[in-house]
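Architecture and fold: a report
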Amino acid sequence: MSISMVKALNNGLRKALADDPKVLLMGEDIGRLGGVFRVTDGLQKEFGSLRVIDTPLGEAGIVGSAIGLALRGYRPVCEIQFDGFVYPAVNQIISQLAKLRHRSGGVITLPVVIRIPFGGGIGSIEHHSESPEVYFAHTAGLKVVTCSNPQDAYDMIRQAVDDDDPVIFLEPKRHYWTKGEVTDETSTPTPFDRARVLRAGTDATLIAYGPMVPAALEAADAAAEEGRSVEVIDLRSLSPLDLDTVRESVHRTGRALVAHEASLSHGFGAELAARIQQEEFHFLEAPVLRITGYDTPYPPSRLESDWLPGVDRILDALDHSLSY
Amino acid sequence: MPRKQAKPTAGAEPADGPIQFLSPDGLLEPDSRLELPPAVDLLALYRDMALVRRLDTEAIALQRQGELGLWPSLRGQEAAQVGAAYALAEQDMVFPTYREHGVAWCRGLDPVSLLGLFRGSTLGGWNPYERRFGLYTLVIGAQTLHAVGYGMGLVRDDVVGSGDDTRDTAVLVFLGDGALSEGETNEAFLWAAAQNLPVVFFCQNNQWAISAPYSVQSRVPVAQRAAGFGFPGVSVDGNDVLACLAATREALTRARSGGGPTLIEAVTYRINAHTTADDATRYRPSAETDEWAAKDPLERLRLHLTASGGVGDTGGVGEEYFADIERREQELAEHLRAGCRALPVPDHASSFENTYADMPAELKRQLAEHSEFLASGFLAAGQEIGATR
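Model, not experiment: these values are computed from the prediction. (Residues numbered from 1 in each chain as written. Chains lettered and ligands numbered in written order. Predicted model: local features only at pLDDT ≥ 70, side-chain atom pairs only at ≥ 80, totals over all residues. Heavy atoms only, no water.)

A closer look at the overall build of chain B
- Of regular secondary structure, chain B possesses 13 helices and seven strands.
- Computed over its C-alpha atoms, the radius of gyration of chain B comes to 23 Å, within 12% of the 21 Å expected for a compact globule of 389 residues.
- Dimensions of chain B, computed from C-alpha atoms along their principal axes, come out at roughly 70 × 60 × 50 Å.
- Put simply, chain B has 389 residues, and 54% of those count as buried.
- Long-range contacts, defined as pairs at least 24 residues apart, comprise 73% of the intrachain contacts of chain B with a sequence gap of at least 6.
- Element-wise, carbon and sulfur atoms account for 51% of the exposed surface of chain B, whose accessible area totals about 17,100 Å². (Helix = DSSP H or I, 4+ residues; strand = E, 2+ residues; numbered from the N terminus. Rg over C-alpha atoms; globule rule 2.2 N^0.38 Å. Buried < 20%, exposed > 50% of the residue type's maximum accessible area, 1.4 Å probe, protein only. Contact = heavy atoms within 4.5 Å. Areas by Shrake-Rupley, 256 points an atom, 1.4 Å probe, with all protein chains shown as cover.)

Encoded structure:
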């Protein structure tokens, strides 16, 4: 069945709610409205307002009360309406949610999922197109994952709900309405903390996640027309990082490129570059290159298509890498 | 020229003053606004307040001796904490700040477990589910939202307003006057009100948020704030253990029965500095401390107990009672001293463990690296980095 990522997430959440009475959804406008992106459409009607909760407007309140609910044995799935709205909740996420298992010597388990639509490319106003993944990936105690297609969205949201650690679940909003095949029970999904090779190649490894994955695949297609074989890895999980899959690939290709929308400096590409050079130093034919947003605030939407890294910049970087 | 502002209402006192049963002179009188709690064991209340004070005094001494890195003293707030704690039902859940040693004591925690956080031997110290007493929260106000979420859970568990006293449950969350300025506290008030949650907010207004007096935090009295959120606020003499107990009991009973949240302001005073690392002489006059010392919560109950006709009209309490407390204090002090020194230095692996439910591969690698480094003896225990090798 071919469905959009929004519908896949909706189906995944419906299944999570049906499977476990302790699962709750909470967030701004997620009930009657079904969320501004309609990810939770119809779920309040189906499961009631005690399980699909229209919260007051307050992100610290959403995450802070989710912690309290988890302390009482619930598994809350929070929706933060847009990436740029998560910052009021940062104390609750970083200082409380991420640390309580450790502080309690493992007595406290907080299975809280925080869903955040992230990234740009939808012509939106400011604070609606940001890529905050590194703030969370840098925090011990959090898992940070992102899906790039409807099947992963369906599988990974359920895996995130089932997981006993707090999970920051990043949804690439510009691909919300992209359709893809989604199968249900028959397959055993890849664990959500594992990367996946989406396209095999031999000349270079192109690593992407979330919103950049479709561009990475497109770039690999274009490169193939010029006789260059590019392997594409969808990282899926930023924390923990599936370094084995990355190493194995770069070991073979000798070249690595990392693409993300987030700004260059101190971005996730820096972590990958450091890991790759440390582990595969003697096998590298070229420096690890990064194709990213710039070190600026996210631009006005009229500029975003040029500002965002895309297929052309990936191909330029590939040329650069192959020139060594 | 800016218009002259009206003088803010004095920090704590509404027009008719906080509710008080027991005056600083030890006189017990009714207050028309609240019922005096029936069948209260005054002897037990005094004993627990005395032991809690000793716990605090002993912890300060341990800090002075270098056994603790820091200690936030509760001196002066014993009545507020013990009174509030006596109102709890076993099934109720408590979310403390980092100064609720008296509540922890009444909840039955081993007081040694309170020392670990301040000795640097743990980041927690106790199982919050065992005595229904949450871990200390150092970020001001953050715990108010955890209380709200827990209350949401109680509603969903159908243990609010069922009419069964053994099941119905409430949440008691502690905060200070400084926390009232935090956005998270105000969100918690709002959420609790909008959802009519079984949460009692117990604010110990000890007049000082480190160096900031209450006038820095607010232009209205604490209890008055509740009205804006849509639930009752009550102000009690925080040095009167009976007023604190009565107000908390009433609020918790209402909460358990589905009557929603309450904000209690216990007007009290932080006799000591913010912590052992603070110097209160830099920002407040000693005359103020002296004034509050004269309103001491223990002394007034002692006066009441020793006055003829003090307890149950049987005449004043005798020497034996106080001698027994002194004996228990000594035992407690010895237990704290020995227990503190016996707190184990945690294994280095514990820094890595329980970061996640299952340790990720990268963290395992780092732990192995760290273990190997330590085992190499390259850096002897206690030796500083950069010291002569």
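Topic: the side chain of Thr 276 of chain B
Residue and element names in this part refer to chain B.
- Checked against the element boundaries, Thr 276 lands in the loop between strand S7 (262-267) and helix H10 (286-293).
- Among the polar contacts listed, one links the side chain of Thr 276 to the backbone nitrogen of Trp 71, at a separation of 3.0 Å.
- If sequence neighbours within four positions are ignored, Thr 276 has contacts with Ile 60, Gln 63, Arg 64, Leu 70 and Trp 71. (Polar contact = N/O pair within 3.5 Å; in protein donor to acceptor, adjacent residues only side chain to side chain.)

Considering the domain arrangement of chain B
- As far as domains go, chain B holds domain 1 (42-342) and domain 2 (347-389).
- Averaged C-alpha coordinates put domain 1 of chain B and domain 2 of chain B at centres separated by 38 Å. (Domains from an automatic or database assignment.)

Examining the UniProt feature "domain: Transketolase-like pyrimidine-binding" (unreviewed entry) in chain A
- Taking the UniProt record as the reference, the feature "domain: Transketolase-like pyrimidine-binding" (unreviewed entry) is found at residues 3-178 of chain A.
- Along residues 3-178 of chain A one finds 36% helix and 18% strand; the C-alpha atoms at either end are 8 Å apart. (UniProt positions renumbered as here; feature names shortened; annotations may be inferred.)

Some remarks on the packing of aromatic side chains
- Counted by the stated rule, this structure contains 24 aromatic pairs over all chains.
- Each ring, one from Phe 37 of chain A and one from Tyr 176 of chain A, has its centre 4.9 Å from the other, and the planes form 55°; the classification is tilted. Taken together, the residues span a long stretch of sequence, with Phe 37 of chain A in the loop between strand S2 (23-27) and helix H2 (43-47) and Tyr 176 of chain A in the loop between strand S7 (167-172) and strand S8 (179-181) at a distance of 139 residues.
- Overall, the relative accessible area of 14% leaves Phe 37 of chain A in the buried class.
- Residue classification places Tyr 176 of chain A among the buried positions, given a relative accessible area of 0%.
- Site record: aromatic cluster; members linked through ring pairs are Trp 71, Phe 118, Trp 126, Phe 133 and Tyr 136 of chain B.
- Its end group placed over the ring of Tyr 154 of chain A, Arg 158 of chain A keeps NZ or CZ at 4.2 Å from the ring centre.
- The side chain of Lys 295 of chain B reaches across the aromatic face of Trp 292 of chain B, ending 4.0 Å from its centre. (Phe/Tyr/Trp six-rings, centres within 6.5 Å; stacked < 30°, edge-to-face > 60°. Lys NZ or Arg CZ within 6 Å of the ring centre and 35° of its normal.)

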